[in-house]
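# Summary of structural features
Each chain is listed here by its residues.
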Amino acid sequence: NLEIRRAINDRREVAIILNALGNLRLFASNYTEADAYLKESLNILQELGAQAEIAQVLCDFGFLRLARDVEADLISKSFCDCLALAQSHEIVSSMLASLIGFAWLRSRNGHPLESAHLVGMVTAHPGFTAVIQFTYVNKLQRELQAMLSPDDLKHAYQHGGALDANETLTALLQTCKTA
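What comes next is a walk through the structure. (Residues numbered from 1 in each chain as written. Predicted model: local features only at pLDDT ≥ 70, side-chain atom pairs only at ≥ 80, totals over all residues. Heavy atoms only, no water.)

## Section: the pattern of salt bridges
According to the stated counting rule, one finds eleven salt bridges in the structure shown. Of the charged contacts in the structure, one is a salt bridge between E13 and R12, with a shortest N-O distance of 3.4 Å. Residue E13 is classed as partly exposed on the basis of its relative accessible area, which comes to 25%. Overall, the relative accessible area of 39% leaves R12 in the partly exposed class. R108 is the partner of D69 in a salt bridge, and the nearest nitrogen-oxygen pair spans 3.8 Å. With D69 in the loop between α4 (51–68) and α5 (72–88) and R108 in helix α6 (residues 92–108), this pair connects stretches of sequence that are 39 residues apart. On the accessibility criterion, R108 (39% relative accessible area) is partly exposed. In the salt-bridge network here, residues are joined through shared partners; they are E3, R6 and E40. (Salt bridge = Lys/Arg side-chain N within 4 Å of Asp/Glu carboxyl O. Buried < 20%, exposed > 50% of the residue type's maximum accessible area, 1.4 Å probe, protein only. Helix = DSSP H or I, 4+ residues; strand = E, 2+ residues; numbered from the N terminus.)

If you want it as structure tokens, here you go:
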């Protein structure tokens, strides 16, 4: 399919396929190939000005950086860039993905309750889908279950579900600007 899309010069579809291949390599822990596919996808999408797809690839770079356990500032930058673009173009799936990325960062930095609050907010959002659950949330929830008691986790998710998403997004973007 990729070669056919290349042959007919369907650059948008080529970029989408490359992003999907990058994610497959990411999930298989082949980070070098994942990086190459994501970079090629991002370059094409930037040439095309495809904002929704660019936001998704930026989030995917954040998850790749998380998997590689690189410097937290680089991970945060990926999710900040994704979130800023997603919010400015109202791309809900990328906003939610970036929030889960920030939740991962909170968990890794020793703040599992803050992480669970973000997970609760995302899972309570009307735009939350099974794809987001499977791709981004399940593994983090398992990690949080190992860090928090069932009662603490339940309350944290409930608290997160009651948070105002717009206020949280604004606060995160403000943090991004000062970082």
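Don't stop here, the text continues.
## Let's talk about the packing of aromatic side chains
Between two aromatic rings, the relevant description is the distance of the centres plus the angle of the planes. Following the criterion strictly, the structure yields three aromatic pairs and no others. Judged by centre distance (4.9 Å) and plane angle (70 degrees), the rings of F63 and F79 are edge-to-face. Placement of F63 in helix α4 and of F79 in helix α5 is noted, with a sequence separation of 16 residues between them. On the basis of an interplanar angle of 55 degrees and a centroid distance of 6.0 Å, the ring pair of F79 and F102 is categorised as tilted. (Phe/Tyr/Trp six-rings, centres within 6.5 Å; stacked < 30°, edge-to-face > 60°.)

## Focus: the side chain of Q56
Take Q56: it is sitting in helix α4. With near-sequence residues (within four places) excluded, Q56 lies in contact with N19, S93, S94 and Y136. (Contact = heavy atoms within 4.5 Å.)

## So, the layout of surface pockets
Its volume calculated, the largest pocket comes out at about 500 Å³. In this structure, the largest pocket is lined by 18 residues; those nearest its centre are L26, F27, W104, T135 and K139. Every element with two or more residues in the lining of the largest pocket is listed here: α2 (11–27), α4, α6 and α8 (130–147). Sort the elements by how many residues they give to the lining of the largest pocket and α8 lands first, with seven residues. For the lining of the largest pocket, the per-class residue count stands at nine nonpolar, four polar and five charged. (1 Å grid on protein atoms, 1.4 Å probe; cavity = no way out; pocket = protein on both sides within 12 Å on 5 of 7 lines; lining within 4 Å. Points joined across faces, edges and corners; volume = space filled by probe spheres on them. Nonpolar A, V, L, I, M, F, W, Y, C, P; charged D, E, K, R; others polar.)

## Describing the environment of Q145
Tracing the backbone through its elements, the reader meets Q145 in helix α8. Q145 sits in the exposed class, given a relative accessible area of 51%. Each C-alpha atom, one on Q145 and one on P112, is 9.6 Å from the other, the two residues being 33 residues apart in sequence.

## Quick look at the state of the cysteines
Summed over all chains, the structure comprises two disulfides. Across the disulfide from C80 sits C176; the S-S distance is 1.9 Å. Here C80 and C176 share a disulfide; its torsion about the S-S bond, -85 degrees, makes the bridge left-handed. Of this pair, C80 sits in helix α5 while C176 is found in helix α10 (residues 165–178), placing the two residues 96 residues apart along the sequence. A single burial state applies to C80 and to C176, both of which are buried. Here the cysteine-cysteine linkages of the chain are recorded as 1-3, 2-4, numbering only bonded cysteines and doing so in sequence order. (Disulfide = S-S within 2.5 Å.)

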